[in-house]
Amino acid sequence: MGELDVFEPGEILTENGRILEVGTRTGEADFTEENFGKLAIPGLVDAHNHLVYDGERIDEFEMKLKGATYLEIAERGGGIRSTVNATRKASKEDLFLQAGERVFYMLKNGTTASEAKSGYGLNLKDEIKQLEVARELGEKFPIDIVPVFLGGHDIPPDLEKKDYLSLLEREIIPEVAEKGLSKYFDAFCEKGVYDVKDVEKMFRAAKENGLKLRLHTEEFSHMGGINLGVEYKAVSVDHLLFADKGDIELLASSDTAAVVMPSVSFFLRLDKYAPAKEIIDAGGIVALGTDLNPGSSPVESMFFVLWLAVFKLNLTMEEAITAATLNSAYVLGISDLNGSLEKGKKADFIVLNLSDYREIFYRPSETHIDSVYKEGRKVINSQNVGYFPTIGI
Ligand SMILES: [Zn+2]
């Protein structure tokens, strides 16, 4: 993770959306070439993202700034439940339009592939609705979207936990898997939500139905979810603020990636961040995501996450870039075609008005994006950011 291949002067040759050649420039400089003299880096990949939801929670944010507690916010109808209620009521079209706007900001900030979790439906109909919107976003926008079924996000407002667990097992997990709406199952292991035993029940059902596993864990307390994730060969365990020494060693000896989202600590104004640097130093796989969601990270920009990774997680610049590209593509199961500039992969890259990639971090108040390319085609031009050729909405 600590080393990048830098070609200077370099060149990228693309054909039919794929990279034909990448490496050190051969031959004479040609000033008429597209993007001559600029810097190109791989398109960013967001490994953890809840972009399909209805409504923002800005009033709740203001209440928090004025000192309201979690309980007071819940009593006034805020919190994750409010997003569940709103998302259940929203039509597919409305969810698509709202999420589409978020996708535009993601692309504008150089994200060319992302996860999109469900988890605000918490019943069969509305989980499927969210997953279908996620799929449609990937079809209509110039971005790769990996839908992830977050069936274990919370306890539904209208069911007892044990009844929902059995509904998941008997009905929702098999149906989502059979319809091919997601290759992944995800849950939230936390006090007051699901403990390790609950998650294990869901993991068994998901595995039986051929789904790969991911898990939100050790976010606000130490739950033992990393142990469970590694035992069940989960693709990733995510958040990890409370990961301890034993967890770090376990992750280092496994193929389970640690997905960290420093924008959550930043937005919630916590002093605590995930021990990402320690996990990397121990030999673990670390990937980055925005955790885009209305409650704890209304953040579309992976550049913002890159900056926090360096300034708050103490990653080196090279580690941060690897975590936001190739490693996040690994988590999403798309690293064969995404996540790095290599022959045969998709020609997804960001052109920056910089001459040295270290300036991304050295001058962190701007992304310095000139343009964004998806499969060889310019989809964002900073001179004219409204330019969106592919969508008819
Ligand atoms: Zn999440």
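These remarks concern the structure in this document. (Residues numbered from 1 in each chain as written. Predicted model: local features only at pLDDT ≥ 70, side-chain atom pairs only at ≥ 80, totals over all residues. Heavy atoms only, no water.)

## Some points on unusual backbone geometry
Note on backbone geometry: most residues besides glycine have negative phi, and most peptide bonds are trans.
(1) Moving on: Across the junction of E8 and P9, the peptide omega takes the value 0°, indicating a cis bond.
(2) Moving on: Looking at the secondary structure, you find P9 in the segment before strand 1 (10–15).
(3) Moving on: In this structure, E218 takes a positive phi of about 50° despite not being glycine.
(4) Moving on: Mapped onto the secondary structure, E218 falls in the loop between strand 8 (212–217) and helix 8 (225–231).
(5) Moving on: A positive phi angle is found at N314, which is not glycine, with a value near 65°.
(6) Moving on: Tracing the sequence through the fold places N314 in the loop between helix 12 (302–311) and helix 13 (317–323). (Helix = DSSP H or I, 4+ residues; strand = E, 2+ residues; numbered from the N terminus.)

## Here's the deal with the coordination of the zinc ion
(1) Moving on: Bound to the zinc ion are the protein donor atoms H48 (NE2), H50 (NE2), H216 (NE2) and D291 (OD), situated 2.0 to 2.7 Å from the metal.
(2) Moving on: One way to put it: the 4 donor atoms around the zinc ion meet at angles of 78 to 167°, and that makes the site irregular. (Donors = N, O, S within 2.8 Å, 3.2 Å for Na, K, Ca; no water. Tetrahedral: all angles 85-135°; square planar, octahedral: opposite > 155°, others 65-115°.)

## As for the sheet that holds strand 9 (residues 236–239)
(1) Moving on: Here 8 strands make up an open sheet; going across it, the order is 4-5-6-7-8-9-10-11 and the pairing parallel. The sheet is open, and its two borders are formed by strand 4 (44–46) and strand 11 (286–288), each paired with just one other strand. Between one strand axis and the next, the sheet turns through 25° on average, direction left out of account.
(2) Moving on: Summarising the sheet, strand 7 (residues 184–188) and strand 8 pair through 5 bridges and their orientation is parallel. For F188, the partnering residue across the bridge sits in strand 8 and is H216.
(3) Moving on: Against the sheet, helix 6 (residues 161–179) contacts strand 6 (144–152) and strand 7, and its axis sits at roughly 155° relative to strand 6.
(4) Moving on: Relative to strand 8, helix 7 (residues 196–208) is tilted by about 160°, and along the sheet it contacts strand 6, strand 7 and strand 8. (Pairing = 2+ DSSP bridges. Axes fitted to C-alpha atoms, helices over the stretch in contact; angles between N-to-C directions. Contact = heavy atoms within 4.5 Å.)

## A look at the packing of aromatic side chains
(1) Moving on: Under the definition given, this model contains 9 aromatic pairs.
(2) Moving on: Relative to Y120, the ring of Y53 has its centre 6.2 Å away and its plane inclined at 75°; by these criteria the two rings are edge-to-face. Taken together, the positions of Y53 in the loop between strand 4 and helix 1 (58–65) and Y120 in the loop between strand 5 (111–117) and helix 5 (124–140) put the pair 67 residues apart, joining distant regions of the chain.
(3) Moving on: Since its relative accessible area comes to 1%, Y53 is described here as buried.
(4) Moving on: Judged by centre distance (4.8 Å) and plane angle (10°), the ring pair of F349 and Y373 falls under stacked. Of the two residues, F349 sits in strand 12 (residues 349–352) while Y373 sits in strand 13 (residues 369–374), which places them 24 residues apart along the sequence.
(5) Moving on: Given a relative accessible area of 3%, Y373 falls into the buried group. (Phe/Tyr/Trp six-rings, centres within 6.5 Å; stacked < 30°, edge-to-face > 60°. Buried < 20%, exposed > 50% of the residue type's maximum accessible area, 1.4 Å probe, protein only.)

## Considerations on the sheet that holds strand 3 (residues 39–42)
(1) Moving on: On the basis of which strands lie adjacent, the open sheet formed by 4 strands has the order 3-12-13-14 and antiparallel pairing. Of all the strands in the sheet, just strand 3 and strand 14 (377–381) have a single pairing partner and so form its edges. Strand after strand, the sheet turns through a mean of 25° between neighbouring axes, direction not considered.
(2) Moving on: Summarising the sheet, strand 12 and strand 13 pair through 4 bridges and their orientation is antiparallel. Looking at strand 13, one finds that L352 is bridged to I369.
(3) Moving on: Its contacts with the sheet put helix 4 (residues 92–108) on strand 13 and strand 14, and the angle it makes with strand 14 is roughly 100°.

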